[in-house]
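The chain contents come next:
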Amino acid sequence: MLVSILHRVTGDGMALVGTVLFVWWLAALASGPEAYALFLAVFTVDGGALTPIGLLFGIGLTFAFFQHLMSGIRHLMLDTGAGYDLRSNKRFAQATIVCSIILTAAYWAYLLAGK
């Protein structure tokens, strides 16, 4: 049940938050250097490092992406007829959460470690 709810929440969250950020970025880009500098100042500091709000949005959207992706893969496996017994279904559900956390941590470790 949790994985099903997370799948819906992460999909809606990526659509809503991602769209708002993308429209804000486009509007800032079209409005000129001052507006774009304000947009960048919210998410980054001089030198390109992320601010706490930048990290929150970045990690949050990355986790939402990986959680939604893993849940989609789980649904694809269920569509093939695999994993309908209770034990397998529970393991697949747990694996979606664990894999999304591991993938998010690995992605951000790669980004923050300087590639």
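Everything that follows concerns the structure shown earlier in this document.
Conventions adopted
- Residues numbered from 1 in each chain as written.
- Predicted model: local features only at pLDDT ≥ 70, side-chain atom pairs only at ≥ 80, totals over all residues.
- Heavy atoms only, no water.
- Helix = DSSP H or I, 4+ residues; strand = E, 2+ residues; numbered from the N terminus.
- Rg over C-alpha atoms; globule rule 2.2 N^0.38 Å.
- Buried < 20%, exposed > 50% of the residue type's maximum accessible area, 1.4 Å probe, protein only.
- Contact = heavy atoms within 4.5 Å.
- Expected span 1.5 Å × (residues − 1).
- Axes fitted to C-alpha atoms, helices over the stretch in contact; angles between N-to-C directions.
- Parallel < 35°, antiparallel > 145°, perpendicular 65-115°, else oblique.
- Nonpolar A, V, L, I, M, F, W, Y, C, P; charged D, E, K, R; others polar.
- Patch = residues over 30% accessible without salt bridge, like charges linked within 9 Å, V, L, I, M, F, W, Y side chains within 5 Å.
- Areas by Shrake-Rupley, 256 points an atom, 1.4 Å probe, with all protein chains shown as cover.
- Salt bridge = Lys/Arg side-chain N within 4 Å of Asp/Glu carboxyl O.
- Phe/Tyr/Trp six-rings, centres within 6.5 Å; stacked < 30°, edge-to-face > 60°.

### Things to note about the overall build of the protein
Phase 1: When helices and strands are tallied, the protein shows four helices and zero strands.
Phase 2: Going residue by residue from the N terminus, the α and β elements of the protein occur as α-α-α-α.
Phase 3: On C-alpha atoms alone, the protein measures out to a radius of gyration of 18 Å, which is more than a quarter above the 13 Å that the 2.2 N^0.38 rule sets for 115 residues.
Phase 4: Principal-axis analysis of the C-alpha atoms places the extent of the protein at approximately 55 × 30 × 20 Å.

### Notes on the side chain of Gln 67
Phase 1: Note on placement: Gln 67 falls in helix H3 (residues 52–79).
Phase 2: According to the relative accessible area criterion, Gln 67 is buried, its value standing at 0%.
Phase 3: Apart from residues no more than four positions distant in its own chain, Gln 67 is found in contact with Val 3, Leu 6, Thr 10, Thr 96, Ile 97 and Ser 100.

### Quick word on H3
Phase 1: A rise of 1.5 Å per residue sets the reference length of H3, with its 28 residues, at 40 Å; its end C-alpha atoms lie 40 Å apart and thus fit the reference within 8%.
Phase 2: Elements that come into contact with the buried residues of H3 comprise helix H1 (2–31), helix H2 (33–43) and helix H4 (86–112).
Phase 3: Once H3 ends, the next one or two residues include Gly 81, with phi positive near 100 degrees.

### Observations concerning the packing of H1 against H2
Phase 1: The N-to-C vectors of H1 and H2 enclose an angle of 140 degrees; their axes lie 6 Å apart at closest approach. With respect to their mutual orientation, H1 and H2 come out oblique. Where H1 approaches H2, its residues Leu 21, Trp 24, Trp 25, Ala 28, Leu 29 and Ser 31 are matched on the opposing element by Ala 35, Tyr 36, Phe 39, Val 42 and Phe 43.
Phase 2: Classifying every residue of the contact of H1 with H2 by side-chain character gives 10 nonpolar, one polar and no charged.

### Focus: a nonpolar patch on the surface
Phase 1: A grouping of Phe 65, Leu 69, Ile 73 and Met 77 is seen on the molecular surface, where their side chains present a nonpolar patch of about 330 Å² in accessible area.
Phase 2: Along the chain, Ile 73 falls in helix H3.
Phase 3: On the basis of relative accessibility, which here comes to 39%, the residue Ile 73 falls in the partly exposed class.

### Quick look at the packing of aromatic side chains
Phase 1: What the rule picks out here adds up to nine aromatic pairs.
Phase 2: Between Tyr 36 and Phe 39, the ring centres sit 6.4 Å apart and the planes meet at 20 degrees, which makes this aromatic pair stacked. Of this pair, Tyr 36 and Phe 39 both sit in helix H2, three residues apart, which is roughly one turn of that helix.
Phase 3: Using a relative accessible area of 27% as the deciding quantity, one classes Tyr 36 as partly exposed.
Phase 4: A relative accessible area of 10% places Phe 39 in the buried class.
Phase 5: Where Phe 39 meets Phe 43, the ring centres are 5.2 Å apart and the plane angle is 55 degrees; that geometry is what we call tilted. Placement of both Phe 39 and Phe 43 in helix H2 is noted, with a separation of four residues, approximately one turn of the helix. Of the two residues examined, Phe 39 and Phe 43, each falls in the buried class.
Phase 6: Among the aromatic residues, ring-to-ring pairing joins Trp 24, Tyr 36, Phe 39, Phe 43 and Phe 57 into one connected group.

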